[in-house]
Amino acid sequence: CVSSHPGVADAHSNLGIVLFHRGHLEAAAAELKAAVELDEFNANAHAGYADVLVVQGLRKAAIDELTVAVGLQPDHVPAHGRLGELLMLEEDYQGAAEEFLLVLQYDPDNESAMADYHEAERRFGGDFGGGSDGVLVGEAADAHLATTKAKELEAEEAAGRKRRKKKEVKAKMAGVEL
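Just so it is clear, the structure is predicted and the values come from calculations on it, not from any experiment. (Residues numbered from 1 in each chain as written. Predicted model: local features only at pLDDT ≥ 70, side-chain atom pairs only at ≥ 80, totals over all residues. Heavy atoms only, no water.)

Asker: Mind showing me how you'd approach the overall build of the protein here?
Answerer: Secondary structure assignment for the protein yields eight helices and zero strands. When the elements of the protein are put in sequence order from the N terminus, they spell out α-α-α-α-α-α-α-α. For the protein, buried positions account for 42% of its 178 residues. Partitioning the intrachain contacts of the protein with sequence separation of at least 6 by distance along the chain shows that 43% fall at a separation of at least 24. When the accessible surface of the protein is summed, it comes to about 10400 Å², and 53% of that surface belongs to carbon and sulfur atoms. (Helix = DSSP H or I, 4+ residues; strand = E, 2+ residues; numbered from the N terminus. Buried < 20%, exposed > 50% of the residue type's maximum accessible area, 1.4 Å probe, protein only. Contact = heavy atoms within 4.5 Å. Areas by Shrake-Rupley, 256 points an atom, 1.4 Å probe, with all protein chains shown as cover.)

Asker: Mind showing me how you'd approach the environment of L89 here?
Answerer: Among the structural elements, L89 can be located in helix α5 (residues 77-89). Along the primary structure L89 and R59 are separated by 30 residues, whereas in three dimensions their C-alpha atoms are 9.0 Å apart.

Asker: Looking at this structure, how should I read the pattern of salt bridges?
Answerer: If charged atoms from side chains of opposite charge come close, those side chains can pair. What the rule picks out here adds up to five salt bridges. A salt bridge links E90 to R59, with the shortest nitrogen-to-oxygen separation between them at 3.0 Å. Placement of E90 in the loop between α5 and α6 (93-106) and of R59 in helix α4 (residues 59-72) is noted, with a sequence separation of 31 residues between them. Overall, the relative accessible area of 28% leaves E90 in the partly exposed class. A network of salt bridges, in which partner residues are shared, links R59, K60 and E90. (Salt bridge = Lys/Arg side-chain N within 4 Å of Asp/Glu carboxyl O.)

Asker: How do you make sense of the packing of helix α2 (residues 25-38) against helix α3 (residues 43-55) when you look at a structure like this?
Answerer: Helix-helix packing is characterised by the crossing angle of the two axes and by the distance between the axes. Axis separation between α2 and α3 bottoms out at 9 Å; the angle between their running directions is 150°. Classed by the angle they form, the pair α2 and α3 counts as roughly antiparallel. Along this stretch, α2 crosses α3, giving a crossing that reads as left-handed. Across the interface between the two elements, L25, A28, A29, L32, K33, A35 and V36 of α2 pack against A45, H46, G48, Y49, V52 and V55 of α3. For the contact of α2 with α3, the residue count by class is ten nonpolar, two polar and one charged. (Axes fitted to C-alpha atoms, helices over the stretch in contact; angles between N-to-C directions. Parallel < 35°, antiparallel > 145°, perpendicular 65-115°, else oblique. Left-handed = near helix turned anticlockwise from the far one by under 90°. Nonpolar A, V, L, I, M, F, W, Y, C, P; charged D, E, K, R; others polar.)

Asker: Can you walk me through unusual backbone geometry in this structure?
Answerer: Unlike most non-glycine residues, E91 shows phi in positive territory, near 65°. By the element assignment, E91 lies in the loop between α5 and α6.

Asker: Before we go on, may I ask you to explain a positive patch on the surface in this structure?
Answerer: Judged by side-chain charge, R161, R163, R164 and K167 come together as a positively charged surface patch. Inspection of the secondary structure assignment puts K167 in helix α8 (residues 138-174). (Patch = residues over 30% accessible without salt bridge, like charges linked within 9 Å, V, L, I, M, F, W, Y side chains within 5 Å. Lys, Arg positive; Asp, Glu negative; His and termini not counted. Charge placed at Lys NZ, Arg CZ, Asp CG, Glu CD.)

Below you can see the structure in the form of structure tokens.
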């Protein structure tokens, strides 16, 4: 599939994920990195690449990739969950709690995210503003809404840049100058 369509980011991403699950980390990393380079707006490619980086011991780079993934696709629940887990390991409990609350926003019945949220809150030694049912209250709700809106705007801007880039490429291929 990749050899017949080397420029297709999804093909690289899919192959990278298969290689990752088969334990071929170096090849998986190369394919997923190619997918990210070919389509920087592919949230799944960023999330997949982050998984490889974690196994390679590159936790901060994985956090960066997951941050991009959730910025591109704010409802990417698995990426929010993995980002929360990595932030816990980095002892960024407030950041982790925010990610677990985003998981709960999209998947309110996610017991693992609820438990992780409360663990982050416990380790921080305070209350982040989430009720026992994961519902944000007061200033925490306002901050969460502002963060979510900012991520949505970033994703919309990224999508606009991608559309403009595609138009430029199509115009060049047709011999038209924009």
